[in-house]
Amino acid sequence: MKVLVLGSGGREHALAWKFSKSRLISGLYVAPGNAGTEEIAENLVGLNALDCDAVVATCRDKKIDVVFVGPEEPLAAGLVDRLNEEKIPAFGPHAQAAMLESSKAFAKKFMASHGIPTAQSREFASFPEFEAHMKTRRTRAVVKKSGLAAGKGVLDSDNRDEQLKFGRSVLKTDRLVVEDYLSGTELSLFALCDGVDHLLLPVAADFKKAHDNDLGKNTGGMGAVCPVPSVEARVLEGITREIVEPTFKGLAEQGLAYRGVLYFGLMQTADGPRLLEYNVRFGDPETQVLLPLIESDFGNLVEAVVQGRLKDFPLHLSNNSALGVVVASKGYPDSYKTGIPVRSLPTPHESEGMVFHAGTRLGGDGQIVTAGGRCFTVVGIGPNLLTADMRAYDAVSKVQFDGAWSRKDIGKKFFID
Ligand code: AMP
Ligand code: GLY
């Protein structure tokens, strides 16, 4: 099987690594990839995933059997629709189903039509309407850009001036969603889906805020754990009954055949689970802690998704825990420099950890240099979260480049005494 993975983050390095372990793989390409994927696959640096013609031409040229779409933008832009027309198998939903992520307004309507519990919300298209609503509002609100924003389209400050400023700027180009603030434990649940049947993967959690103790700005994600010890079978049953099942029933009722992975961004509140959002792709950095725990052949699993053979798939999972820490550039999530040489990287044994590249590239002299805000996800693996934590942070201390920093408390809120 020849696979083309689209994307350049830690998620795509983890996907390429997992594919590279599959017995089925006879060719592996990543576009554009990073310095990590370069070591295990062929990077197609010049291929733009938003250029459907170029992706199709590359698939023909390299005789690609499956295209695995990592990020959301090509999905929202209709790449899978085009690949389907060309009879090229793809992992990822078509553009209409991708609206579950690309339009929060569409997602909220979907949730309301299918009785899926979520925060109460209102949508605004004009600033005066939004301003009038905020003036009379008594409860804490989260203000969101309706369209795609790479994790940075949400403001959960309760400072009214900041909310109005954020809303005014979003409304210049997009609609605005204002919803009730929910408190609880945030979870990321992934369901593989082959158009008819689905298969749940272990529950993960992402640490979205820039700084320790969940302070600071929202980021793409500063770390992740999998599985989440506090999610007992009873909790997962509730999430499945109230959120997962109604979602797949709703997709079927609306004629939206979904093939790929659906990501449920959940808040486990005192009143039960609430759905914050759908994403139509794997999460980053959740993928980096999830994939090391899958023991089944990944090529087989992906083939089952794209060929509609997920029913009764014998999914084998490890009993280990994984904890991932993002190492970022100085300044992230605001502006940061790139091109900084990476002086050293740890090389943990695969049974104890992994170093996934994100924003990195190879310089002209073969030196790894930084190329983004989130540069690496360093994963520790062990029989429990504490061991995984120790192994992850031991390796993090060996990632050296000027300005490298990470959160120091990833996973701590889940440690069991
Ligand atoms: P979203 O893009 O909707 O997932 O929002 C990004 C992040 O903002 C989420 O992962 C949460 O951490 C936070 N967030 C979004 N909506 C809410 C809400 N209603 N209550 C509390 N936090 C939220
Ligand atoms: N980790 C959050 C995301 O991928 O959107």
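Residues numbered from 1 in each chain as written. Chains lettered and ligands numbered in written order. Predicted model: local features only at pLDDT ≥ 70, side-chain atom pairs only at ≥ 80, totals over all residues. Heavy atoms only, no water.

**Topic: the pattern of salt bridges**
Next, step 1: Counting across every chain of the model gives 29 salt bridges.
Next, step 2: With a shortest N-O distance of 2.7 Å, Arg82 and Asp53 are connected by a salt bridge. In this pair, Arg82 is assigned in helix 4 (residues 79-85) and Asp53 in helix 2 (residues 52-62), connecting sequence segments 29 residues apart.
Next, step 3: Of the charged contacts, one joins Glu131 and Lys135 as a salt bridge, the two residues approaching to 4.0 Å between their closest N and O atoms. With a gap of 4 residues between them, Glu131 and Lys135 both fall in helix 7 (residues 127-136), about one helical turn apart. (Salt bridge = Lys/Arg side-chain N within 4 Å of Asp/Glu carboxyl O. Helix = DSSP H or I, 4+ residues; strand = E, 2+ residues; numbered from the N terminus.)

**Some thoughts on the sheet that holds strand 1 (residues 2-7)**
Next, step 1: If you trace the 5 strands from one edge of the open sheet to the other, you get 3-2-1-4-5, paired in parallel fashion. If you trace the sheet from one side to the other, it starts and ends with strand 3 (42-43) and strand 5 (90-91), each paired once.
Next, step 2: Here strand 2 (residues 27-32) runs beside strand 3; their pairing, made up of 2 bridges, is parallel. Paired with Tyr29 across the strands is Glu42, a residue of strand 3.
Next, step 3: Against the sheet, helix 1 (residues 10-20) engages strand 1, strand 2 and strand 4 (66-69), with an angle of about 170° to strand 1.
Next, step 4: Lying over the sheet, helix 2 contacts strand 1, strand 2, strand 3 and strand 4, oriented at roughly 155° with respect to strand 1. (Pairing = 2+ DSSP bridges. Contact = heavy atoms within 4.5 Å. Axes fitted to C-alpha atoms, helices over the stretch in contact; angles between N-to-C directions.)

**Description of the site of ligand 1**
Next, step 1: Around ligand 1 sit 14 residues in total, of which Lys144, Glu179, Glu186, Lys208 and Glu277 are the nearest.
Next, step 2: Here Asn218 contributes a side-chain N or O atom positioned 3.5 Å from an oxygen atom of ligand 1.
Next, step 3: When the free accessible area of ligand 1 is taken as 470 Å², the share hidden by the protein chains comes to 94%.
Next, step 4: At the level of secondary structure, the elements contributing two or more residues to the shell around ligand 1 comprise strand 7 (141-145), strand 9 (176-180) and strand 17 (272-279).
Next, step 5: Its residues assigned to classes, the shell around ligand 1 comprises 6 nonpolar, 1 polar and 7 charged. (Near = heavy atom within 4 Å. Polar contact = N/O pair within 3.5 Å; in protein donor to acceptor, adjacent residues only side chain to side chain. Areas by Shrake-Rupley, 256 points an atom, 1.4 Å probe, with all protein chains shown as cover. Nonpolar A, V, L, I, M, F, W, Y, C, P; charged D, E, K, R; others polar.)

**Describing the side chain of Thr370**
Next, step 1: Its place among the elements puts Thr370 in strand 21 (residues 368-370).
Next, step 2: For Thr370, a relative accessible area of 0% puts it in the buried group. (Buried < 20%, exposed > 50% of the residue type's maximum accessible area, 1.4 Å probe, protein only.)

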